[in-house]
Amino acid sequence: MRPSRRAPDELRAVSLERGVVKYAEGSCMVKFGDTHVLVTATLEERLPPWLKGQGRGWVTAEYGMLPRATLERTRREAAAGKQGGRTVEIQRLIGRSLRAAVDLEALGERQITVDCDVIQADGGTRTASITGAWVALADCIAWMKTRNMIKTSPLRDNVAAISCGIYNGIPVLDLDYAEDSEADTDANFVMTGDGRIIEVQGTAEKTPFSQDEFLALMALARKGVARLVDLQKMAVA
């Protein structure tokens, strides 16, 4: 039995609320159970110096966690004077994931920065961030279209992400913290709306996993991502 009493293939309650920040070109409050992330998308008429003059845009991301997003207060990284390795890894993952579904030439010489701020963490903050980031990005692009800044949408597909793991010997979907902290294996899957893989991160925390177990996790991830994509489509419809 899972601590949450969910079935092995059952997601937590997921919600994607758009338009939650007045000033951002796109925004989304994403909730995977008790993991809550505020995502904003900001359009800027500028590019990193290495991209100037190449006739294409850029999508990047920043990620952070509020001090009391966790059970005990976490010191702000700004107070430490630098970002931690986990933070850098996650924000690079979010940026890579979004760019995989964007036609950067159709975006033009502009940059969209997606900020993911974890308000409350209960496992799966990176997967929730990616899933909500796509909604904020879609809203930002819609904002551009209504102002005739682009002729066609640069978005080629949806992008969503979900965690899976082996908990008490059973493959399960969408781990919360209670499961993630005790799982034998945990993995994160980032996929497109049509089921193609953008990135897989898998780790044997306690016991190495077999190919059959990996394929079981993959099957769970496909089911979970398909459901998340349906929710994204409903949110932006």
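Note that the structure is predicted; figures quoted are calculated from it, not measured. Residue positions are given per chain, counting from 1 as you read along its sequence in written order. Given that this is a predicted model, residues contribute local features only at a pLDDT of at least 70 and side-chain atom pairs are listed and counted only at 80 or more, while totals for whole chains, interfaces and linings are drawn from all residues. Derived side-chain values reflect all non-hydrogen atoms in the structure, with water molecules and hydrogen atoms excluded from consideration.

Caption draft 1: Molecular detail of the sheet that holds strand 2 (residues 26-32). Strands were regarded as paired on the criterion that DSSP finds at least two bridges between them. We count a stretch as a helix when DSSP gives it H or I for four or more residues in a row; a strand needs E for two or more, and each element gets its number in order from the N terminus. Strand order in the open sheet formed by five strands is 1-2-3-5-4, and the pairing between neighbours is mixed. Every other strand in the sheet has two partners, leaving strand 1 (14-18) and strand 4 (58-65) as the edge strands with one partner each. Averaged over all neighbouring strand pairs, the angle between strand axes comes to 15°, with direction disregarded. Note that strand 3 (residues 35-44) and strand 5 (residues 111-120) share nine bridges and pair antiparallel. Residue pairing in the sheet places Thr 42 in a bridge with Thr 113 of strand 5. Only heavy atoms matter for contacts: two residues are in contact if any of them lie within 4.5 Å across the pair. Every axis corresponds to a line fitted to the C-alpha atoms, with the helix fit spanning only the stretch in contact, and the corresponding angles, defined between N-to-C directions, vary from 0 to 180 degrees. Contacts from helix 4 (residues 125-146) reach strand 1, strand 2, strand 3, strand 4 and strand 5, with the element oriented near 35° to strand 3. Packing against the sheet, helix 6 (residues 211-236) makes contact with strand 1 and strand 2, and its axis sits at approximately 25° to strand 1.

Caption draft 2: Inspection of the sheet that holds strand 7 (residues 170-173) at higher detail. Here we have four strands laid out as an open sheet, ordered 7-6-8-9, and antiparallel in their pairing. Both outer strands of the open sheet, strand 7 and strand 9 (197-204), are each paired with one neighbouring strand and no more. Between one strand axis and the next, the sheet turns through 15° on average, direction left out of account. Here eight bridges tie strand 6 (residues 159-167) to strand 8 (residues 185-192), and the two strands are oriented antiparallel to one another. Across the sheet, Ser 163 pairs through a bridge with Asn 188, a residue of strand 8. This element, helix 4, spans strand 6, strand 8 and strand 9 of the sheet and lies at about 160° to strand 6.

Caption draft 3: Main features of the environment of Met 29. Note that Met 29 resides in strand 2. Along the backbone, Met 29 and Ile 94 are 65 residues apart, and their C-alpha atoms lie at a distance of 16 Å. Residue contacts for Met 29: discarding those within four places in its chain leaves Ser 15, Leu 16, Glu 17, Val 20, Val 37, Leu 38 and Ile 119.

Caption draft 4: Region of the structure containing the side chain of His 36. As for its position among the elements, His 36 is in strand 3. Each polar contact in these results corresponds to two N or O atoms within 3.5 Å; when the atoms are within protein, one needs to be able to donate a hydrogen and the other to accept it, and residues that are neighboring in sequence are counted only if both atoms are side-chain atoms. Within the structure, His 36 has its side chain in polar contact with the backbone oxygen of Gly 33 (distance 3.1 Å). Once residues within four sequence positions are removed from consideration, His 36 is found in contact with Val 30, Lys 31, Asp 117, Val 118, Ile 119 and Gln 120.

Caption draft 5: Fine view of the side chain of Glu 25. Along the chain, the position of Glu 25 falls in the loop between strand 1 and strand 2. For Glu 25, the contacting residues outside a window of four places in its chain are Ala 41, Thr 42, Leu 43, Asp 139, Cys 140 and Trp 143.

Caption draft 6: Representation of the nonpolar core within the structure. The biggest cluster of nonpolar side chains holds 61 residues, and the ones touching the most others in it are Ile 94, Ile 112, Val 114 and Ile 162. The leading source of residues in this core is helix 4, at 11 residues. If near-sequence neighbours (up to four positions away) are discounted, Ile 94 is found in contact with Ala 61, Tyr 63, Cys 116, Ser 129, Ile 130 and Ala 133. Grouping buried Ala, Val, Leu, Ile, Met, Phe, Trp, Tyr and Cys residues that are joined through side-chain atoms within 4.5 Å yields what is termed a nonpolar core. Burial status follows relative accessibility: with a 1.4 Å probe on protein chains alone, a residue under 20% of its type maximum counts as buried, one over 50% as exposed, and anything between as partly exposed.

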